[in-house]
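Geometric and topological summary
Below, each chain spelled out in residue letters.
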Amino acid sequence: YFNFFVKRRKINLICSAEARDAILTVFQETLLGPKDLSKYKEEFYHTFPKDEIPDFEKEFAYFAKNPFNPSQDLTIDLLINFNIFEESSGIAYLGDEVSIRKEEKCFVISENETEVARIPDYIDLAKDQNFLEKEDAKSETQRADVEARPSWIGSQLTFL
């Protein structure tokens, strides 16, 4: 939500089709509300005045607008771009040049079919608590290498 509402950016979420479906369900509920609102009127106590029950459909319709373009409905695809790992190959494609392959215990990122990075699929933050100190201790040469990295590396990528 921070990327969309504050930074006004969409995130690229790289995941399986199964994870995408679960995430869509969560975002549907948390961002747009439940699809069937009719049952919520039944949750009010029977003595509650019927004319004071909120019009949930109207209220959700009001908030289901893109805050940056109120004439447009707010949809999940405004917040998230899904890149799905293909079941047969285990590869997700980010455009024509960049691919990410899931291997045992890591993700392999390639650009123009050349491997450019390997990222562990699990990071133990408690074990790697000195990560920032290690990053600060990098030599100038290592920092220059990072600055010369391909432009896509600066993109917001999330793996699931």
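Residues numbered from 1 in each chain as written. Predicted model: local features only at pLDDT ≥ 70, side-chain atom pairs only at ≥ 80, totals over all residues. Heavy atoms only, no water.

**With respect to the sheet that holds strand S7 (residues 106-111)**
Either a parallel or an antiparallel arrangement is found when strands of a sheet pair, and the pairing is made through backbone hydrogen bonds. Taken together, four strands build an open sheet; the order of strands is S5-S6-S7-S8 and the sheet is antiparallel. Strands with a single pairing partner mark the edges of an open sheet, and in this sheet they are strand S5 (91-94) and strand S8 (114-120). Strand-to-strand twist of the sheet, defined as the mean angle between neighbouring strand axes without regard to direction, takes the value 20°. In this sheet, S8 lies alongside S7 in antiparallel orientation, the contact comprising six bridges. Its bridge partner being in S8, Cys106 is matched across the sheet by Pro120. (Pairing = 2+ DSSP bridges. Helix = DSSP H or I, 4+ residues; strand = E, 2+ residues; numbered from the N terminus. Axes fitted to C-alpha atoms, helices over the stretch in contact; angles between N-to-C directions.)

**Digging into the environment of Leu74**
Structurally, Leu74 is set in the loop between strand S3 (69-73) and strand S4 (80-84). Residues Leu74 and Ala64, spaced ten residues apart in sequence, show a C-alpha to C-alpha distance of 5.1 Å. Sequence-distant contacts of Leu74, that is, excluding residues within four places in its chain, are made with Phe4, Leu31, Leu32, Phe63, Ala64, Lys65, Asn66, Pro67 and Leu79. (Contact = heavy atoms within 4.5 Å.)

**Remarks on helix H2 (residues 17-32)**
For an α-helix, the turn length of 3.6 residues means that residues three or four places apart are oriented alike. The terminal C-alpha atoms of H2, which comprises 16 residues, lie 21 Å apart, in line with the 22 Å expected from a rise of 1.5 Å per residue. For H2, the full list of buried residues reads Ala19, Ile23, Phe27, Gln28, Leu31 and Leu32. Check the buried side of H2 and you find it contacts helix H1 (2-5), strand S1 (11-15), helix H3 (56-63) and S4. (Expected span 1.5 Å × (residues − 1). Buried < 20%, exposed > 50% of the residue type's maximum accessible area, 1.4 Å probe, protein only.)

**Description of the pattern of salt bridges**
Evaluation of the coordinates by the stated rule reveals six salt bridges. Measuring nitrogen to oxygen at the nearest pair gives 2.9 Å for the salt bridge that ties Glu115 to Arg118. Glu115 gets classed as partly exposed once you look at its relative accessible area, which sits at 40%. A cluster of three or more residues bridged by salt bridges with shared partners is formed by Arg101, Glu103, Glu115 and Arg118. (Salt bridge = Lys/Arg side-chain N within 4 Å of Asp/Glu carboxyl O.)

**Some thoughts on the side chain of Ser99**
With respect to the element layout, Ser99 can be found in strand S6 (residues 98-103). A relative accessible area of 17% means that Ser99 is categorised as buried. With residues near it in sequence (within four places) discarded, Ser99 still touches Ile91, Ala92, Tyr93, Val108, Ile109 and Ser110.

From the geometry alone we can't say anything about function, so treat these as descriptive.
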